[in-house]
Amino acid sequence: MTAHTDNPLVDVQNLQVHFGAVSSPVRAVDGVDFRIFPGEIVALVGESGSGKSISALSLANLVPEPAARIVGGRIIFQGSDTLTLKNSELRKLRGAKIAYIFQEPATSLNPVYTVGWQIGEAIRLHRKGVNVKAEVEKLLTSVGLPDPARAAEAYPHELSGGMQQRAMIAMALACDPDLLVADEPTTALDVTVQKQILDLLMELREKRGLSILLITHNLGIVANTADRVYVMNSGKIVESGETGTVLRTPQHEYTQKLLKAVPRLHKVS
Amino acid sequence: MSKLLQVENVHVRYGGFEAVRGVSLSLAAGETLGLVGESGCGKSSLGRAVLALEPVSAGRVAFEERSVHALKGAALKNFRCQAQMVFQDPFGSLNPRMSVGTAIEEVLYVHGRGANRAERRRKVEALFTDVGLNPDWLSRYPHEFSGGQRQRIGIARALALEPKLLVADEPVSALDVSVQADIIQLLKRIQRERGLAYLFIGHDLAVVRDMSDRIAVMFKGEVVETGTSGQVCDDPQHPYTQKLLSAVPDIDKALAQ
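All figures in this text were calculated on a predicted structure; none of them were measured in a lab.

*Asks:* Requested: an account of the overall build of chain A, with residues and values cited.
*Replies:* A count of helical and extended segments in chain A gives eleven helices and ten strands. At 19 Å, chain A has a C-alpha radius of gyration in line with the 18 Å of a compact globule built from 269 residues. Referenced to the eigenvectors of the C-alpha coordinate spread, the extents of chain A come out at roughly 50 × 50 × 40 Å. Counting over 269 residues, chain A shows a buried share of 45%. Partitioning the contacts of chain A with sequence separation of at least 6, the portion at a separation of at least 24 is 65%.

*Asks:* I'd love a proper account of the interface of chain B and chain A, names of residues and values included.
*Replies:* Listed as interface residues are 25 residues of chain B and, on the opposing side, 26 residues of chain A. Take the side of chain B that touches chain A: its biggest share by element is five residues, from helix α7 (residues 205-211) of chain B. Residue classes in the side of chain B that touches chain A are distributed as 13 nonpolar, four polar and eight charged.

*Asks:* Would you mind going over the nonpolar core in detail, with residue names and values included?
*Replies:* With 80 residues, the main nonpolar core has Ala170(A) and Leu213(A) as its most contacted residues. The element contributing the most residues to this core is helix α7 (residues 161-173) of chain A, with eight residues. In this view, Ala170(A) contacts Ile119(A), Leu139(A), Leu140(A) and Val143(A); residues no more than four positions away in its chain are not counted. Counting residues in hydrophobic clusters, the runner-up holds 75 residues, among them Leu46(B), Ala83(B), Val179(B) and Ala197(B).

*Asks:* Which residues make up helix α8 (residues 191-208) of chain A, and what are the values?
*Replies:* Helix length check: α8(A) (18 residues) gives 25 Å between terminal C-alpha atoms against 26 Å at 1.5 Å per residue, within 8%. Burial in α8(A) covers these residues: Val191(A), Val193(A), Gln194(A), Lys195(A), Ile197(A), Leu198(A) and Leu201(A). At its buried positions, α8(A) is contacted by α7, β7 (179-183), β8 (211-216) and α9 (219-225) of chain A together with α9 (239-247) of chain B. Gly209(A), located one to two residues past α8(A), shows a positive phi value of around 70°.

*Asks:* How would you summarise the sheet that holds strand β8 (residues 197-202) of chain B if you had to cite specific residues and measurements?
*Replies:* All names here are of chain B. Strands sit in the order β6-β7-β8-β3-β9-β10 across an open sheet of six strands; the sheet is mixed. Of all the strands in the sheet, the pair left with one neighbour each is β6 (83-86) and β10 (222-228). Across this sheet, the average inter-strand angle for adjacent strands is 20°, counted without regard to direction. Here five bridges tie strand β7 (residues 165-169) to β8, and the two strands are oriented parallel to one another. Along β8, the bridge assignment pairs Asp 169 with Ile 201. Helix-sheet contacts for α9 involve β9 (214-219) and β10, and the interaxial angle to β9 is about 100°.

Criteria and cut-off values
Residues numbered from 1 in each chain as written. Chains lettered and ligands numbered in written order. Predicted model: local features only at pLDDT ≥ 70, side-chain atom pairs only at ≥ 80, totals over all residues. Helix = DSSP H or I, 4+ residues; strand = E, 2+ residues; numbered from the N terminus. Rg over C-alpha atoms; globule rule 2.2 N^0.38 Å. Buried ≥ 20, exposed ≤ 12 C-beta atoms within 10 Å, placed from the backbone. Contact = placed C-beta atoms within 7 Å. Nonpolar A, V, L, I, M, F, W, Y, C, P; charged D, E, K, R; others polar. Core = buried A, V, L, I, M, F, W, Y, C linked by C-beta atoms within 7 Å. Expected span 1.5 Å × (residues − 1). Pairing = 2+ DSSP bridges. Axes fitted to C-alpha atoms, helices over the stretch in contact; angles between N-to-C directions.

As structure tokens, then:
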């Protein structure tokens, strides 16, 4: 499984991101390496402040400047270093090649525009000459919304949390990206809705060959969805490997501590 | 066995919407009852109704055999000492402009505990130590604490009046997994030491199982299943409980495959 013959879609090398004063920076990401292969679901696991979200935002050069600064490393995506791209080139990368979904779909959606308009925006910008309305409905269908025409005309507050996250995924898929970065996509959702969204992400991987970087602190989700996992703590990757191997035989003290902290649904006999 | 808390056929109504539809539960002293369900199932409304923070449209909540919704004046104030609440987001429930020491001390002051300021201060220091915080931090403000520390402060405040019942509404949902484990350990230790009863409201079945002696599963305003934690999690009877359990991303099941 781990014997990848093809080249990685993303190859992050020695990434370093600093916050605060240049003289005494907070090293939020402190020399991180990770790779994602085509069609792979990779989990980046860690707790608040571990640097997992900032690492993920760095992929499309989206760290919140000037508070944060990418001070070192390379992010090789499809052969070129995204950290050296000009703004015009970054615009072609963001959304079109690398798309993001976040924890709170309600705050990622604009409350004053219909869902359909917002999904259509990326199509209008990146894909000239496409029938936007038809494409939006196709996307909403592909993320499992039962009445896509009605969902397209709805405002975000008219949809449930699970439907909002499906709409966000539809928006992320609008330009057929190669990589979907999902940052705690189900943390705000009920457990049955969470399962539907995770099933949808796995289905999209199967059908589209989408690569997914899944950021989460939930090791149960990791065990059920990810092919490989990177464990992050204090800005560093402390352990990585095939999901089953890392979770069954964790080597690093921090991974062991995280696993021990997970409440178990059934008593282990 | 006489019950500390008896919930009998309780209904909670908001206008035309009935959030809780005929729930009956009981809780003994020193026991933990877990209340699980998804958003909108009525679990928080029920928790608030138990504390008489929400009126009931029908039914009865009895605490030590007295109807809590009929309490007035001194009797109601006394009930407020006996039954306290811990919230999901302690930051939202702490005054940002009040030092945490003052916030806890105020509880004692309002209820006339402690002869003077110095005595109240000593009580607050003891509470702070008991929940694993350094009493030197009492002059700090809520934003100076981490999420886990704030939840410890929320627990200290709830314990200030030495209650017999704590209603904990998703007390660890907003916390990192390792911090979550620490707070659960703290709640368990406090229960052992003080013989507190908990109504532990949550959506994470694994957390609720870890905390609870018995579990009640709520769905659309009704309790669809109750049993010991083991019965409910290992041998669920109601289709909704089964659905809820099968949706949990179970680490052990995934690794066994």
